[in-house]
Amino acid sequence: MTIQWFPGHMAKARRQVTEKLKLVDIVFELVDARIPISSRNPMIDEIIQQKSRLILINKADMADPVRTKQWVAYFENQGIRALPINADKGVGLKEIQRVTMEILKEKWDRMIAKGIRPRAVRAMIVGIPNVGKSTLINRLVKKNIAKTGNTPGVTKAQQWIKVGKEMELLDTPGILWPKFEDQQVGYRLALTGAIKDTLLNLQDISMYALKFLEAYYPERLMSRYDLTEIPEDVVELYEAIGRRRGTLMAGGVVDFDKTADLIVRDVRNVQFGPLTFDLDVLDDGDHEEKE
Ligand code: G4P
């Protein structure tokens, strides 16, 4: 794969997150419910270290709800609390404060025991681009101030935003980068819109989507494109979809680029229903499961 991330850029982002970590009691690590592992920075444990953490599995509305439950259990098995949320509609946000207090209870109890008056909990959001950090900040503060710090060249003192009575949130999220030496991770990031189309070949992304749908959600694939069966030959499959959906060139020949674009857009727009792509860890590599 010819994707280039810029090491200097990543190192800087990491430094910034590490600096901000010193200011907070807890980190809200935002992941995409469709790809809860692929949307993480693989060095996240090293970056966050011993700091308390809550994983927020965002965009839960776009993911398979059964799988999201399994992902919550998976993270909790690893000793990290996790909550599914939909930052866009504000679903699950009330839970954040409650679970945060549970996570910090021991630390707070210790402070109280020492006679220190409990203060507001300080939190920050971290996550890869497009995972919903600004949306969540805006939702939590209920007004549109999250993007004000993003203007290039404008340096701004760190600001705390009040979230309820007991919590304060850093107004700028920590941006971490996904890493995808693994090609599958690249395709999943592309299919969920986390990385730009130009970084990967659209036909390859659509092919990955078709193979995935065929393996895990064949009924949805057939129903979306009105197919009675899924042709074994992938060229025939593109042609069947192209003919059904009218992605044709002059002379009625199927346009493969247009068809690829249509498939990728259909996945991103949840036209196959909610999907979870990261299944390998949950299924232990078992790709036999069908609907
Ligand atoms: P970022 O700060 O982490 O970079 O992400 P941001 O909040 O900008 O969110 C990226 C996109 O994801 C936005 O869509 C936002 O509306 C959407 N989004 C955030 N949370 C949720 C959620 O829980 N459910 C759903 N369905 N969408 C969510 P956008 O502005 O339309 O951008 P794009 O989709 O065109 O990239």
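Whatever comes next refers back to the structure up there.
Predicted model only: the values in this text are computed from it and were never measured.

Procedures and definitions
Residues numbered from 1 in each chain as written. Predicted model: local features only at pLDDT ≥ 70, side-chain atom pairs only at ≥ 80, totals over all residues. Heavy atoms only, no water. Near = heavy atom within 4 Å. Polar contact = N/O pair within 3.5 Å; in protein donor to acceptor, adjacent residues only side chain to side chain. Areas by Shrake-Rupley, 256 points an atom, 1.4 Å probe, with all protein chains shown as cover. Nonpolar A, V, L, I, M, F, W, Y, C, P; charged D, E, K, R; others polar. 1 Å grid on protein atoms, 1.4 Å probe; cavity = no way out; pocket = protein on both sides within 12 Å on 5 of 7 lines; lining within 4 Å. Points joined across faces, edges and corners; volume = space filled by probe spheres on them. Helix = DSSP H or I, 4+ residues; strand = E, 2+ residues; numbered from the N terminus.

Draft legend 1. Spotlight on the site of the ligand. Neighbouring the ligand are 16 residues, the closest being Asp61, Asn130, Lys133, Ser134 and Thr135. A distance of 3.0 Å separates an oxygen atom of the ligand from a polar side-chain atom of lysine 59. Asparagine 86 places a side-chain nitrogen or oxygen 2.8 Å from an oxygen atom of the ligand. About the coverage of the ligand: the protein hides 63% of its 720 Å² of free accessible area. Class assignment of the residues belonging to the shell around the ligand gives a composition of five nonpolar, six polar and five charged.

Draft legend 2. Main features of the layout of surface pockets. Roughly 270 Å³ of internal volume is contained in the second largest pocket. Gly90, Gly92, Leu93, Lys94, Ile96, Gln97, Arg139, Leu140, Lys142, Val163, Gly164 and Met167 are the residues that line the second largest pocket. Of all elements in the fold, only helix 4 (93-113) and helix 5 (133-141) reach the threshold of two or more residues within the lining of the second largest pocket. Among the elements that line the lining of the second largest pocket, the one with the most residues is helix 4, at four residues. By residue class, the composition of the lining of the second largest pocket is five nonpolar, four polar and three charged.

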